[in-house]
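Here are the chains, one letter per residue:
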Amino acid sequence: MARLALMPMLLAGAAMAAPPDATRQDELRHLVRQDCGSCHGLRRTGGLGRPITPEALAEREPGDLAEVILDGLPGTAMPGWRPLLTEDEARWIADYLMKTETE
Amino acid sequence: MLKAVLAALMLTITPAQADELRGTGDLGLIVERETGSLLVVDRSERAALGRIEGLGDLSHASLVYSPDERFAYVFGRDGGLTKVDILTRQVVRRVVQAGNSIGGAISDDGQLIAVANYEPGGVRVFDAETLELVADVPMGSKTVGIADAPGSRFIVATWDTGEVWIIDHSHSPAQPGITRLKGIGANPYDALLTSDGRRYIVGLFGEKGLTQIDLWQDPPEVTRFLPDYGRDQPDMPVYKMPHLQGWTLADGVFALPAVGLHQLLWVDADSLTEIARTELAGQPVFALARPDRREVWVNFAPPDNDKLQVVNTLTHEVLDTLTPGKGVLHMEFAPRGREVWLSVRDENRVEIRDTRSREVLGEIEARAPSGIFFTDRAHRTGL
């Protein structure tokens, strides 16, 4: 049931296998702030999940982070976002997390 | 349009005069998480009266009221504990008491404010008048689901260590008695105390099942139940932790949001066994009984957070699916259930609906609203 409901999103995601355009980037920024924010904090300074600010992630590879975002961290509360995000979008978010300070 | 102009005008009339004589029983506060502010609202007028600013990071913020319904204590994500006066609409006191906190509670005598912290993990208890630290109870773990139990007690669960702690301030506020219950289960994600103060129910994220603590027994009795409740597959993504606060006991039955599944579970409160399941439109976050308990209203995690579903308590059927708008984060019922206020975060408004006809009765502009809290909460246990 849960999986079925996600199917349309998955197809929509697959159709957009390209770096996110400006509109989608806005949506992704919003997703990071609000939906990731529910566990990592609005300012990404941590909550149930750890801090994911540029300082906290300074030593990390964006490719690895994109994988964490897509597949989650099994055994923890970090969910995989593959049903909702394309690989390019996850990579864009990884770069965004590493580069952009929160206000 | 006219309404919007009026609302905008009203917001500029601050601060209020304390000598404008009025009651607070129909007032409320709406958390504006992006701007660190609170909107003071009047339920009878269905309007905003003004704004209180300067409360820091209010993502995931919650608040409790003083027994006289004049002051609110606001728990911010940034560890801030702020006391505000809803009549004068001012910050009375503010302390940043920890690095990262998740919620709080007020003791049944109104004297103590307890804050549950993630960082450093544990509970800190403050004097309700002065916000001075009264007791510090480190727990070495993130804490969740704090509630006020009768008799100057607080009860809380620990995420990392799977314990429940009961902090009893009845003998000496500064040297509380501690009861520590171990082996509650892996990663409690939230908990609820029933309004009679008897049952503390802990939801587990790290394993299946739920745990009930019966506070009427001495020592408190720990019971595991619903051994199949939980994530079906370990890798099932859960995009937002469900909230248990507000799972109300309706007609001897609990309505519980399933973790990760698109389902509501109905559990007989006496036998603690499942009696039914309702298929829902998404992963449930809040499942709140309307105050008359005749219906349970459910909102959802992303990507279904534009919807609400209304479920019949007796038949367990979905009666209605409403689509208020993007980011329906919170629902608050008028104390006697006549209307419900919904925060529609991404549309910067609060929508007011009739709980029977489901019609929209009004709308209030708010900046990225999340929690809505009416003052009648001052007189309810376990919030």
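Residues numbered from 1 in each chain as written. Chains lettered and ligands numbered in written order. Predicted model: local features only at pLDDT ≥ 70, side-chain atom pairs only at ≥ 80, totals over all residues. Heavy atoms only, no water.

Asks: Honestly, the packing of helix α2 (residues 22-40) of chain A against helix α4 (residues 87-99) of chain A in this entry has me stumped. Any pointers?
Replies: Axes are the key here: two packed helices are described by the angle between their axes and the distance separating the axes. All names here are of chain A. For the pair α2 and α4, interaxial distance at closest approach is 11 Å and the crossing angle is 60 degrees. Of the two elements, α2 crosses α4, and the hand of that crossing is right-handed. Across the interface between the two elements, R24, Q25, L28, R29, L31 and V32 from α2 touch E89, W92, I93, Y96 and L97 from α4. Across the contact of α2 with α4, the residue classes tally to seven nonpolar, one polar and three charged. (Axes fitted to C-alpha atoms, helices over the stretch in contact; angles between N-to-C directions. Helix = DSSP H or I, 4+ residues; strand = E, 2+ residues; numbered from the N terminus. Left-handed = near helix turned anticlockwise from the far one by under 90°. Contact = heavy atoms within 4.5 Å. Nonpolar A, V, L, I, M, F, W, Y, C, P; charged D, E, K, R; others polar.)

Asks: Can you walk me through the interface of chain A and chain B in this structure?
Replies: Note on interface size: it is often stated as the accessible area lost on association of the parts. On the chain B side, the residues contacting the 26 residues of chain A number 27 residues. A buried area of about 2,300 Å², summed over both sides, lies between chain A and chain B, and 53% of it is on carbon and sulfur atoms. Counting the contacts that link chain A with chain B gives two salt bridges. We note a salt bridge from B:D57 to A:R43, for which the minimum N-O separation is 3.4 Å. The interface formed by chain A and chain B contains nine residue pairs in polar contact (both at pLDDT 80 or more). Of all the elements in the fold, those that place two or more residues in the side of chain A that touches chain B are α1 (2-15) and α2 of chain A. No other element matches the six residues that α2(A) contributes to the side of chain A that touches chain B. (Buried area = accessible area lost by both parts, 1.4 Å probe. Salt bridge = Lys/Arg side-chain N within 4 Å of Asp/Glu carboxyl O. Polar contact = N/O pair within 3.5 Å; in protein donor to acceptor, adjacent residues only side chain to side chain.)

Asks: Would you mind showing me how to read the pattern of salt bridges here?
Replies: Proximity of charged atoms lets side chains of opposite charge pair with each other. Residues and elements named next belong to chain B. Under the defined criterion, the tally for this structure stands at 36 salt bridges over all chains. Linking E351 and R349 is a salt bridge whose minimum nitrogen-to-oxygen distance equals 2.7 Å. Take E351: its relative accessible area is 4%, and that puts it in the buried class. What emerges from the salt-bridge pattern is a single network uniting R290, D292, E295, D320, R356 and R358. (Buried < 20%, exposed > 50% of the residue type's maximum accessible area, 1.4 Å probe, protein only.)

Asks: Would you explain the sheet that holds strand β13 (residues 153-158) of chain B in this entry?
Replies: Each strand in a sheet pairs with another by means of backbone hydrogen bonds, the pair being arranged parallel or else antiparallel. Residues and elements named next belong to chain B. Taken in spatial order, the four strands of this open sheet run β12-β13-β14-β15, and their pairing is antiparallel. Two strands in the sheet have a free side with no partner beyond their single neighbour: β12 (143-149) and β15 (177-181). Adjacent strand axes in the sheet meet at a mean angle of 15 degrees when their direction is disregarded. Looking at chain direction, strand β14 (residues 163-168) and β15 are connected through five bridges and run antiparallel. By the bridge assignment, W165 is partnered in β15 with R180. (Pairing = 2+ DSSP bridges.)

Asks: Would you mind showing me how to read the sheet that holds strand β4 (residues 62-65) of chain B here?
Replies: Residues and elements named next belong to chain B. On the basis of which strands lie adjacent, the open sheet formed by four strands has the order β4-β5-β6-β7 and antiparallel pairing. Strands at the two margins of the open sheet, each flanked by one partner only, are β4 and β7 (90-96). The mean angle between the axes of side-by-side strands here comes to 20 degrees, regardless of whether they run parallel or antiparallel. Both strand β5 (residues 71-75) and strand β6 (residues 80-85) contribute to a ladder of five bridges, which runs antiparallel. For A72, the partnering residue across the bridge sits in β6 and is V84.

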